[in-house]
Structure formats: C-alpha cells, structure tokens
Amino acid sequence: MKFKGMTWSHARGVDPLLVAAEDFRRIHPDVEITWDARSLADFELYPLEQLADKYDFIMIDHPHIGTAYAQNLLLPLDVVLPTEFIREQAENAVGPSHASYQWEGHQWAIAADAAAQFSAYRDDLMNDLKLNAPVTWQEVFDLAEKLPADRKIAIPFVPVHAYSSFFTMCSHYSKDRFWSEGKALKEEVGIQALKVIGTILSYADERSYDMDPITMLDVMAEDNSIIYSPLVYGYSVYSMEGYKDHIIKFNDMPSETGRPNGSMIGGVGLAISSRCDNPEVAAAFVMMTTSPEYQRTAFAANNGQPGHRKAWTDKLVNINTANFYKDTLKTMDYGSMRPRFNGYIEFQAEAGARIRKFMIDGREDYSNFVAELNDLFFKFYERA
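Just so you know, these numbers come straight off a predicted model, no measurement behind them.

Visitor: Tell me about the overall build of the protein chain, residues and numbers included.
Guide: In terms of regular secondary structure, the protein chain is built from 17 helices and 11 strands. Taking 2.2 N^0.38 as the reference for a compact globule, 384 residues should give roughly 21 Å; the C-alpha atoms of the protein chain span a radius of gyration of 20 Å, in line with that estimate. When its C-alpha atoms are laid out on the principal axes, the protein chain stretches across 60 × 50 × 30 Å. Burial status across the protein chain gives 60% buried among its 384 residues. A sequence separation of at least 24 residues applies to 75% of the contacts in the protein chain between residues at least 6 apart.

Right, here's the structure in full:
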C-alpha cells in the first residue's frame, strides 16, 4: 500500500516526516509513504487544488482551508479520527494553531507544526557589544541606534512577509479583529502599524526587502552582519547546536505592555486529501505523527518544530533548542489567525506586494494606503 505526501523544502518540513514514514512502516510493514517537497514560496501561495489529486497527505497553511472546503479537496478528519484524539489536541494546542484548521464545523488538519513571528538575535554578538535583546519597540529602535556600522537589524520583507509583519502589527494594536470577520481595518491602527514598520526598515539591512525568513536566518547564522530581527517566523533548528555556524536565539515579539499579542501564526497542518483511497490507514499515520509522545521525541529530535503543547513545554526539547519553545510560548498563545475565506491567498499575495512597494517608495500617505488595502480586501472577500 503506497501513499504520497507533499511538504515544504526545509529541514523542518522534510526531515521529521521522512522519519515518521519509516517509523510508521515498522508498525505497518505493508505501507510505504514517500514525501515530495516544494519551496517556501510555493507552500505559502501554491494552489492547493493542484496537489489534492496527486497526493494523499498535504502539509497546509491554515489560510488555504476556505478554498479547500469550497473545492472539496480535503477529508474532514473528525470523520476518521477518534473524538477523544481531536479533543486532546485541542486541549494541548499552542495558541490558535489547532483552531486554525477548523472550518464549517469540521477539523481539516492537525497542527503537526506550530510557529509565529518572534524576535531573533545573535546572543554571542549581543554579549560582545554588552547589549541586551530588546523587550519593547522603543528598545528595538534604541538598539538599532547603538549598533556599529557593520552590524544591522533586519526584517524579512519579500511580499508575503511584508504582509505578515503588517498583519502582526495591526493585530498587536487593534482592539478588534479585522478582515478575518469581514470587518475593515481601522485607519488609526493601520497607520500606527505602517509607521512602526517604516521605522524598523529605516534602520534595517537593505537586503531585508529581498529576504524571506529562511534567507535572513541563514545570513544571521553564517556571518555577523545581522544581529537582531524584531519580527521573523521562528525556526527552532537555528537554535540547535551544529545546525549552522552560530546559534540564533528566539524570544517573544516586542511589546510595550509585556503582552506580546497579535503575532500572525504560521505553522503547518497535516491534512488528508479527499481523493485518498485508504483514509483509515492515512488517519493512523496522522495520529502517530501528531501524538504528544511522538511530537516531543522523534518529531522534535529530527528537526521538526512540533505543534503539540507537551513538546513545547518538554524540558529536553528546550535544552536541545536553547529554550526556543519556552522563550516564545507566550507569543504563540497570544497569536492572531489570518482570514481563511475562499480566495484569501490571492488577497494576501497582492496586499503583500503593495505593502512592500509602499515602503520601498517611501510613501507617507498612510490614510490613503489603509483605505486602499481595505478596498482590496473587500474586492476578494465579496467574491468568496
């Protein structure tokens, strides 16, 4: 019996699933699971409907759920997984990760992997300069002012991550949910977010505009030019000894209140295609891979970034990652969830491109631009 899965091409996305396939075969010798991988950009934007016919398992980002539901691409997991298993996952969720895969009364994926935008820094370089990692936004700007010419802060700002940081900052400052519930982003919130991001970029390494998180973290880990990022998706592998030349430490996102709220959650859900011929066997693989015991042992030990809370709070898992999970859990728990309506991915791509261009062009017509983004949102939302 053969199954095929699609994940994304990074050690975090591939390695734990290859090991899980081997472990599952030891339990079920007649089952072979192979995995293909696509780039981070494809993972974030690639049409899910082009994968469902070819693959039994799909690692998905939660904003794809609305489209998957509208096109009947995924199997509702509450039909094939025990109720108690799903309840246990919900009770041990990291932030809104588990809930992000719920839609129209069904569970469409299990959070095998969890992430959000955190702060990241080179602790060794900070110590050399006798500087502390910022806790507040003002401290971020103060740090940038103090750095020598050959040290910079940075922020990934390719279009999709320009959107991520904007959404995070708007969620951070907003008292109400926006866009996710079909509500407009308030002008004053959008303006505040744009000004903070603009200030960050005014200090940032000029390569930021062409960096995604992996590119930026690779640079941080391999040379000494970037010392700190206030917002970047967390990758625990960079906190593991020997993964790169230098360890990167991660911490909660900055906040003036001590409540690091609003970070746009990412992570990956393990889903089963609606075209899968053997859903019961596929469900058994999902259960093994996302179980608390597997998540905190084999999954975490093989470059995985677990989605289960018992892995995030596990002492050994944290020892092996310079306390990556312990130091970022509060940000996860206060994280924000993106919209999931059918067509949202197209909105995110276009909005991200406009936000990036707004910053490159040095525009300051903030009110007009927030109105522009709201108009763009409703153009896509009303089609759903």
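Now that the structure has been shown, we can carry on.
Visitor: Just give me the short version of the side chain of R38, but keep the residues and values in it.
Guide: For R38, the location among the structural elements is in strand β2 (residues 32–38). Overall, the relative accessible area of 7% leaves R38 in the buried class. Only 3.3 Å separates the side chain of R38 from the backbone oxygen of M59, close enough to count as a polar contact.

Visitor: Before we move on, could you go through helix α17 (residues 366–381) and cite the residues and values that matter?
Guide: With 16 residues, α17 should reach 22 Å at 1.5 Å per residue; the first-to-last C-alpha distance of 22 Å fits that figure. Residues Y366, F369, V370, L373, N374, L376, F377 and F380 constitute the buried set of α17. Here the buried residues of α17 occupy an arc of 160° about the axis, which is enough to place them on one side. Across α17 from its buried face, at more than 90 degrees, point the exposed residues N368 and D375. Residues of α17 that are buried sit in contact with α8 (159–173), α9 (187–203) and α16 (344–360).

Visitor: Residue-level account of the nonpolar core, with values.
Guide: If you look at the biggest cluster of nonpolar residues, it comprises 114 residues, and the most contacted ones within it are F57, F166, W179 and L217. At eight residues, the largest contribution of residues to this core is made by α9. With near-sequence residues (within four places) excluded, W179 lies in contact with Y163, F166, F167, A184, L185, P339, F347, L373, N374 and F377. I60, Y101, A111 and A271 belong to the second largest nonpolar core, which has 16 residues in total.

Visitor: Give me the lowdown on the pattern of salt bridges, citing residues and values where you can.
Guide: Scanning all chains against the criterion turns up 24 salt bridges. Here D361 and K357 are joined by a salt bridge, their closest N and O atoms 2.6 Å apart. Linked through salt bridges whose partners overlap, the residues forming this network are E350, R354, R363, D365 and E372.

Conventions used here
Residues numbered from 1 in each chain as written. Predicted model: local features only at pLDDT ≥ 70, side-chain atom pairs only at ≥ 80, totals over all residues. Heavy atoms only, no water. Helix = DSSP H or I, 4+ residues; strand = E, 2+ residues; numbered from the N terminus. Rg over C-alpha atoms; globule rule 2.2 N^0.38 Å. Buried < 20%, exposed > 50% of the residue type's maximum accessible area, 1.4 Å probe, protein only. Contact = heavy atoms within 4.5 Å. Polar contact = N/O pair within 3.5 Å; in protein donor to acceptor, adjacent residues only side chain to side chain. Expected span 1.5 Å × (residues − 1). Arc of directions from axis to C-beta. Core = buried A, V, L, I, M, F, W, Y, C linked by side-chain atoms within 4.5 Å. Salt bridge = Lys/Arg side-chain N within 4 Å of Asp/Glu carboxyl O.

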